[in-house]
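Secondary and tertiary structure notes
Next come the chains, spelled out residue by residue.
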Amino acid sequence: SHLITGLSVRPLVCCFSNLIALPLIAVSFFLPSPACFLIYIASGAVGEVYLSQSLALITDAQIAPGYLTPPSVALFMMIVTLIGGNAPLLIPTLLPLVGFNEDVTVTFSAKGSDPDVTGDVQYTIDNTDSKQLQYSLLYALSACYGGAAALYLLAFLFMQKGKSKAVAELSSVT
């Protein structure tokens, strides 16, 4: 009963790659500058494993007939580029939901040549800066990677169900 072999393992690989990338993405948002980029690059490399595995599944003749391969690849690439490429447009809509709209006081000091005149100027800046953007990106990426992992797990379970059904039919025939 070797059910986790062959084609059916590919959605599981995609699921695990997204689940491994998820904590790496979360950690990358809270690390200081040089380390955050390296961790984020690693999460991207692990998370993008789904592209090769998905294309291998789409183009496999055991899943769909050959005449469906070009439209399937075209639809997959359209979804990846149009939906994935335009996903950053969702970030501004998430910004108000995240919060962090407190005022921040910033003081700048400027010393002139006259020692009797102070050069302190005080500004109040609305805090729609990095923390709000950081959490918006974190929530959006977590939802995308988590949702993709769930869909790939669902595809794996459906493929397992179909495979066990085919094995049962073959064993009843012989």
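Everything here concerns the structure above.
Description of the structure in this document. Since this is a predicted model, take the numbers as computed values, not measurements.

Looking at the overall build of the protein
Broken down by element type, the protein carries 6 helices and 2 strands. Secondary structure elements in the protein, listed N-terminal to C-terminal, are α-α-α-α-α-β-β-α. Within the protein, buried positions represent 24% of all 174 residues. Looking at the protein alone, contacts between residues at least 24 apart form 70% of all its contacts between residues at least 6 apart. Surface accessibility of the protein: about 11,600 Å² in total, with carbon and sulfur atoms responsible for 71%.

Section: the environment of F29
Assignment of secondary structure puts F29 in the loop between helix 1 (9-28) and helix 2 (33-47). On the accessibility criterion, F29 (17% relative accessible area) is buried. Apart from the residues within four sequence positions on either side, F29 is in contact with Q134, L137, L138 and L141.

A few points about the packing of aromatic side chains
Under the criterion given, the structure shown has 1 aromatic pair. With centroids separated by 6.5 Å and ring planes inclined at 65°, the aromatic side chains of F29 and Y40 adopt a geometry described as edge-to-face. Of this pair, F29 sits in the loop between helix 1 and helix 2 while Y40 sits in helix 2, and the two are 11 residues apart along the sequence. Y40 sits in the partly exposed class, given a relative accessible area of 39%.

Details of the environment of L137
Relative to the helices and strands, L137 resides in helix 6 (residues 130-173). Residues L137 and F29, 108 residues apart in the sequence, show an inter-C-alpha distance of 8.9 Å.

As for the packing of helix 1 against helix 2
Close contact between helix 1 and helix 2 brings their axes to 8 Å; oriented N to C, the two are set at 165°. In terms of orientation, helix 1 and helix 2 fall into the roughly antiparallel class. Note that helix 1 runs across helix 2; the crossing there is left-handed. Contacts between helix 1 and helix 2 involve S17, N18, I20, A21, L24, I25, V27 and S28 from the former and C36, I39, Y40, A42, S43, V46 and G47 from the latter. Its residues placed into classes, the contact of helix 1 with helix 2 shows 10 nonpolar, 5 polar and no charged.

Some points on the side chain of N18
Turning to its location among the elements, N18 is positioned in helix 1. Apart from the residues within four sequence positions on either side, N18 is in contact with G47, Y145, A148, A149 and Y152.

Notes on a nonpolar patch on the surface
Together, L75, M78, I79, L82 and I83 line one region of the surface with nonpolar side chains, adding up to about 480 Å² of accessible area. Within the element layout of this structure, L82 appears in helix 4 (residues 69-85). Judged by relative accessible area, L82 falls into the partly exposed class, the value being 48%.

Some remarks on the environment of I25
With respect to the element layout, I25 can be found in helix 1. What makes I25 buried here is its relative accessible area of 2%. Taking the C-alpha atoms as reference, I25 lies 5.9 Å from Y40; in sequence the two are 15 residues apart. Filtering out sequence-adjacent residues up to four positions away, I25 remains in contact with Y40, S43, L138, L141 and Y145.

Rules used in this analysis
Residues numbered from 1 in each chain as written. Predicted model: local features only at pLDDT ≥ 70, side-chain atom pairs only at ≥ 80, totals over all residues. Heavy atoms only, no water. Helix = DSSP H or I, 4+ residues; strand = E, 2+ residues; numbered from the N terminus. Buried < 20%, exposed > 50% of the residue type's maximum accessible area, 1.4 Å probe, protein only. Contact = heavy atoms within 4.5 Å. Areas by Shrake-Rupley, 256 points an atom, 1.4 Å probe, with all protein chains shown as cover. Phe/Tyr/Trp six-rings, centres within 6.5 Å; stacked < 30°, edge-to-face > 60°. Axes fitted to C-alpha atoms, helices over the stretch in contact; angles between N-to-C directions. Parallel < 35°, antiparallel > 145°, perpendicular 65-115°, else oblique. Left-handed = near helix turned anticlockwise from the far one by under 90°. Nonpolar A, V, L, I, M, F, W, Y, C, P; charged D, E, K, R; others polar. Patch = residues over 30% accessible without salt bridge, like charges linked within 9 Å, V, L, I, M, F, W, Y side chains within 5 Å. Salt bridge = Lys/Arg side-chain N within 4 Å of Asp/Glu carboxyl O.

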